[in-house]
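Notes for the structure review
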Amino acid sequence: VIFPNNFGSDLQHLKKAQIQILADASDPNTATTLTSYVSNIVADYQKEQQALLALPLSITPQVRMLYNPQLKGAPNFVPGVMALVLMLVCVMMTSISIVREKELGTMEILLVSPFKPIFVILSKAIPYLILSLVNLTVILLLSRFVLEVPVNGSVFLLVAISTLFIITALSLGLLISTSTASQQTAMLLSLMGMLLPTMLFTGFMFPIENMPLPLQIISNIVPAKWYYIIVKAIMIKGLGFSAIWKETLILLGMTLFLLALSLKKFNVRLG
């Protein structure tokens, strides 16, 4: 809320004044709700002053929606869909990759082969990495030419962060694959374990700030939450790396932890 320098003088002498309300409309629902609250507070104050002074008084709020002045739903919807699609595809596909070898009886061949565990894991992850990059390209093209949601920031930065998020999701899928004994179990864990947290704890369907504190704490371990924040900052707000470096480091830390844990689990099987 911005008050002009001459607000008090105009209100005292001219009996009318203006204030400006700036809202982050990358989430149009929240922006509309907040601006309505502020406008109602201003209207209540205006009524109180009119009753005290017994004179007509006018305070006009000038509302400006930043990043999404037309209040379209697509700028909030596209980043959430990107996080959901990339997370589910990567986790579900990779979660059954290694456990499939065990069910088909080809795991013994891998166990006696001269390949190191890291190469086996990479061979399972790289095809889905390429597939996910294709999915990312299709989503960006559809958002630009169909939904009219351009990338206001750096396309290279967006692709780089998306690649990091894809690797994070692949690492999680590999961890599930090395920790389960059947494809059905792996698929159930990846689908039910990732679909609901990604939808609920990302922030594009329900504001995380409105959730109970325990759920807000749990949301911090969901990689899609941090990716959603990054995508909105780059695509909608046009911000650079200086605004998202903390979220990027969190994603990087999650990726390294999940990769190391997946490799350890695979080593245990080899032993």
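Residues numbered from 1 in each chain as written. Predicted model: local features only at pLDDT ≥ 70, side-chain atom pairs only at ≥ 80, totals over all residues. Heavy atoms only, no water.

Within a pair of aromatic rings, the relevant descriptors are the distance that separates the centres and the angle that separates the planes. Inspection of the entire model under this criterion finds 2 aromatic pairs. Taking 5.1 Å as the distance between ring centres and 75 degrees as the angle between the ring planes, the aromatic pair formed by F3 and F7 counts as edge-to-face. Aromatic pair F165 and Y227: ring centres 4.2 Å apart, planes at 5 degrees, arrangement stacked. Linking F165 in helix α7 (residues 155-179) with Y227 in helix α10 (residues 223-236), this pair joins segments that are 62 residues apart in sequence. (Phe/Tyr/Trp six-rings, centres within 6.5 Å; stacked < 30°, edge-to-face > 60°. Helix = DSSP H or I, 4+ residues; strand = E, 2+ residues; numbered from the N terminus.)

Below, the discussion takes up the side chain of S162. Counting through the fold element by element, S162 comes out in helix α7. Setting aside chain neighbours within four positions, we find S162 in contact with M82, L136 and Y227. (Contact = heavy atoms within 4.5 Å.)

Moving on, we come to the pairing of strand β1 (residues 16-24). Along β1, the buried face is formed by A17, I19, I21 and A23; none of K16, Q18, Q20, L22 and D24, which line the opposite face, is buried. Taken together, the 9 bridges between β1 and strand β2 (residues 58-66) define a ladder with parallel strand orientation. The residue of β2 that forms the bridge with I21 is V63. In this fold, β1 hands off to helix α2 (residues 28-53), which returns the chain to β2; that crossover is right-handed. (Buried < 20%, exposed > 50% of the residue type's maximum accessible area, 1.4 Å probe, protein only. Pairing = 2+ DSSP bridges. Right-handed = clockwise from strand over helix to strand, strands pointing away.)

Throughout the structure, instances matching the rule amount to 2 salt bridges. Between K237 and D24 there is a salt bridge, and its shortest N-O distance comes to 3.0 Å. In this pair, K237 sits in the loop between α10 and α11 (245-270) while D24 sits in strand β1, placing the two residues 213 residues apart along the sequence. Overall, the relative accessible area of 27% leaves K237 in the partly exposed class. (Salt bridge = Lys/Arg side-chain N within 4 Å of Asp/Glu carboxyl O.)

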